[in-house]
Amino acid sequence: MGKNSKVAIVGAGSVGATIAYAIMLRDVASEIMMVDVAPEVVRGQVLDLSDANMITSTKIRGATSKEAGQADVIVITAGAKQREGETRTQLIDRNYKVLHSVIGGMQPINQEAIILIVSNPVDVLTHIAQQLAGIPKNQVVGSGTFLDTSRLRVLLAQKLQVSASSIHAFVLGEHGDSQFVAWSSASVAGKPLLSFPEFKDADKNAIEKEIANKAYEIIKMKGATYYGIGALAASLVDCILLDKREVRPLSVYVESLGTVLSAPAKLGYDGIERVIDIPLDKEERTRLEDSAASLKEICAKYQ
Ligand SMILES: NC(=O)C1=CN([C@@H]2O[C@H](COP(=O)(O)OP(=O)(O)OC[C@H]3O[C@@H](n4cnc5c(N)ncnc54)[C@H](O)[C@@H]3O)[C@@H](O)[C@H]2O)C=CC1
Ligand SMILES: CC(=O)C(=O)O
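Small disclaimer: the values here were computed from a predicted structure and weren't measured.

**Considering the overall build of the protein chain**
Alright, step 1. Within the protein chain one finds 9 helices and 14 strands.
Alright, step 2. Computed over C-alpha atoms, the radius of gyration of the protein chain comes to 19 Å, within 12% of the 19 Å expected from 2.2 N^0.38 for 303 residues, which places it in the range of a compact globule.
Alright, step 3. Here the protein chain, with 303 residues, has 52% of them falling under the buried criterion.
Alright, step 4. Considering only residue pairs separated by 6 or more positions, the protein chain has 70% of its internal contacts joining residues 24 or more positions apart.
Alright, step 5. Looking at the protein chain as shown, the accessible area adds up to about 13700 Å², and 53% of this sits on carbon and sulfur atoms.
Alright, step 6. Averaging the positions of the 33 positive and the 35 negative side-chain charges in the protein chain gives two centres separated by 1 Å.

**What about the UniProt feature "binding site: NAD(+)" (unreviewed entry) in the protein chain?**
Alright, step 1. The feature "binding site: NAD(+)" (unreviewed entry), as given by UniProt, occupies G11, A12, G13, S14, V15, G16, D36, N95, V118, S119 and N120 in the numbering adopted here. Restricting the annotated residues just mentioned to those that line the largest pocket leaves G11, A12, G13, S14, V15, G16, D36, N95, V118, S119 and N120.
Alright, step 2. Taking relative accessible area as the criterion, G11 reaches 4% and is therefore assigned buried.
Alright, step 3. If we ignore the near neighbours within four places in the chain, the residues touching G11 are G16, V35, D36, T77 and A78.
Alright, step 4. You can see V15 is positioned in helix α1 (residues 14-26).
Alright, step 5. Owing to a relative accessible area of 21%, V15 belongs among the partly exposed residues under this scheme.
Alright, step 6. Setting aside its immediate chain neighbours within four residues, V15 contacts T77, V118, T225, Y226 and I229.

**Things to note about the nonpolar core**
Alright, step 1. Ranked by size, the top nonpolar core spans 82 residues in total, and within it V7 and I23 carry the most contacts.
Alright, step 2. Broken down by element, this core gets its largest block of residues, 9 residues, from helix α8 (residues 227-241).
Alright, step 3. Excluding residues that lie within four positions of it along the chain, I23 makes contacts with V7, I9, V28, A29, I32, T58, A234 and V237.
Alright, step 4. A157, A169, V181 and A186 belong to the second-largest nonpolar core, a separate cluster that totals 17 residues.

**Quick notes on the site of ligand 2**
Alright, step 1. Taken together, Q82, R88, N120, L147, R151, H175, A215 and T225 make up the full set of residues near ligand 2.
Alright, step 2. At a separation of 2.8 Å, an oxygen atom of ligand 2 approaches a polar side-chain atom of R88.
Alright, step 3. In the environment of ligand 2, an oxygen atom lies 2.7 Å from a nitrogen or oxygen atom belonging to the side chain of T225.
Alright, step 4. Relative to its unbound accessible area of 220 Å², ligand 2 is 90% covered by the protein chains.
Alright, step 5. A molecule is said to occupy a pocket when more than half its atoms come within 2 Å of that pocket's grid points, and by this definition ligand 2 occupies the largest pocket.
Alright, step 6. A class-by-class count of the residues in the shell around ligand 2 yields 2 nonpolar, 4 polar and 2 charged.

**Section: the sheet that holds strand β11 (residues 191-192)**
Alright, step 1. Spatial strand order, β7-β10-β11: 3 strands in an open sheet with antiparallel pairing. At either margin of the open sheet sits one strand with a lone partner, and together these are β7 (167-168) and β11.

**Quick notes on the pattern of salt bridges**
Here the idea is simple: oppositely charged side chains can pair when their charged atoms come close.
Alright, step 1. Inspection of the entire model under this criterion finds 15 salt bridges.
Alright, step 2. In this structure, the salt-bridge partner of R43 is E40, at a minimum N-O distance of 2.4 Å. A residue pair is termed a helical-turn pair when its members lie 3 or 4 positions apart in one helix, as R43 and E40 do in helix α2 (residues 39-50) at 3 residues.
Alright, step 3. Across the salt bridge formed by K266 and E273, the nearest N and O atoms sit 3.6 Å from each other.
Alright, step 4. The partly exposed category is assigned to E273, whose relative accessible area is 30%.
Alright, step 5. Beyond isolated ion pairs, a larger network of salt bridges with shared partners links K6, E31, R61 and E67.

**Things to note about the packing of helix α6 (residues 146-160) against helix α7 (residues 204-222)**
Alright, step 1. Packing of α6 against α7 brings their axes to within 10 Å, and their N-to-C directions diverge by 120°. With respect to α7, the element α6 is oriented oblique. Taken as a pair, α6 and α7 cross one another with a handedness that is right-handed. On α7, the residues touching D148, R151, L152, L155 and K159 of α6 are I207, E210, I211, K214, A215 and I218.
Alright, step 2. Looking at the contact of α6 with α7 residue by residue, the class counts come to 6 nonpolar, no polar and 5 charged.

**Thoughts on the pairing of strand β5 (residues 114-117)**
Alright, step 1. Along β5, one buried face is formed by I114 and L116 and the opposite face, lined by I115 and I117, is buried too.
Alright, step 2. Taken together, the 4 bridges between strand β4 (residues 73-76) and β5 define a ladder with parallel strand orientation. Looking across to β5, one finds that V73 is bridged to I114.
Alright, step 3. Once the chain exits β4 it traverses helix α4 (residues 92-106) before rejoining the sheet at β5, and the crossover so formed is right-handed.
Alright, step 4. Bridge analysis of β5 against strand β6 (residues 140-142) gives 3 bridges, and the strand direction is parallel. Residue pairing across strands places L116 opposite V141, the latter belonging to β6.

Each value, and the rule that gives it
Residues numbered from 1 in each chain as written. Chains lettered and ligands numbered in written order. Predicted model: local features only at pLDDT ≥ 70, side-chain atom pairs only at ≥ 80, totals over all residues. Heavy atoms only, no water. Helix = DSSP H or I, 4+ residues; strand = E, 2+ residues; numbered from the N terminus. Rg over C-alpha atoms; globule rule 2.2 N^0.38 Å. Buried < 20%, exposed > 50% of the residue type's maximum accessible area, 1.4 Å probe, protein only. Contact = heavy atoms within 4.5 Å. Areas by Shrake-Rupley, 256 points an atom, 1.4 Å probe, with all protein chains shown as cover. Lys, Arg positive; Asp, Glu negative; His and termini not counted. Charge placed at Lys NZ, Arg CZ, Asp CG, Glu CD. UniProt positions renumbered as here; feature names shortened; annotations may be inferred. 1 Å grid on protein atoms, 1.4 Å probe; cavity = no way out; pocket = protein on both sides within 12 Å on 5 of 7 lines; lining within 4 Å. Core = buried A, V, L, I, M, F, W, Y, C linked by side-chain atoms within 4.5 Å. Near = heavy atom within 4 Å. Polar contact = N/O pair within 3.5 Å; in protein donor to acceptor, adjacent residues only side chain to side chain. Sits in = over half its atoms within 2 Å of the grid points. Nonpolar A, V, L, I, M, F, W, Y, C, P; charged D, E, K, R; others polar. Pairing = 2+ DSSP bridges. Salt bridge = Lys/Arg side-chain N within 4 Å of Asp/Glu carboxyl O. Axes fitted to C-alpha atoms, helices over the stretch in contact; angles between N-to-C directions. Parallel < 35°, antiparallel > 145°, perpendicular 65-115°, else oblique. Left-handed = near helix turned anticlockwise from the far one by under 90°. Right-handed = clockwise from strand over helix to strand, strands pointing away.

Dropping the structure here:
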């Protein structure tokens, strides 16, 4: 743990609190500051989370937006969540306003900070945050399709009976309905995934649908998703604070497509240090371009 590794979490709802909890259990931050427009929620979450302080050194407290703007890592989870059947992009009008007020309230933001956007629609909000934050673009990143990729690897791991971390496969594009699986580059130990006998008759479309629908399914059953993103976002915070340079599918600006969407990117202390141009076949390239076009159309309304 760094001596002064301060994390701010703006939005102390289910996702914000779960990320805070996962960061505390990893013991990688010296302090977590929680911020929300609802002061009672912050007080309640801080009291509850502080009960874990016997087994973690990460201190937790409520803070102002200005204090949050001076953190090393600022995680934004503020805003509306999907209701049953609602898409992520349908949240844009509400969450654009929230993002505007969150970023405005933190100004001037620490020039060295890394901002991690989690609120949805995450790719569009990351693009907007890159324009509003006043810090270099590569220091503003979204959690993107990291969650979908985890869902995919867990499912593939069950089919292959290997650990999910031994599978190299990415969900790319939008963290949303136009996402796709980069099957042509998926592998285990360098062997193409689709050449394994377990995948000989696999219905790739059905797997893609299952991954893309998982959030809708969970929301239908319990109203929200937060454990998966909590664990994964905490691992991204860890990756930044410890300069791990892991390659993760994150919402980043892709120069060749002129927009923000998920691509494999190297994440470390300085934020996004490199975006990797993953090999895609013709169909996957078309799906990436289609995903970019749909995101650009939404972003254009908020320039
Ligand atoms: N990127 C991803 O993979 C995932 C993203 N999400 C997204 O995370 C967001 C949060 O979801 P939940 O925590 O379940 O919602 P929630 O309703 O439990 O919490 C949202 C919190 O944001 C706060 N808030 C609203 N406006 C604010 C402002 N201007 N400043 C500070 N706080 C403000 C609310 O008071 C509330 O406490 C949603 O947009 C959801 O779609 C959720 C799961 C996965
Ligand atoms: C809500 C959301 O974005 C997810 O669980 O994928």
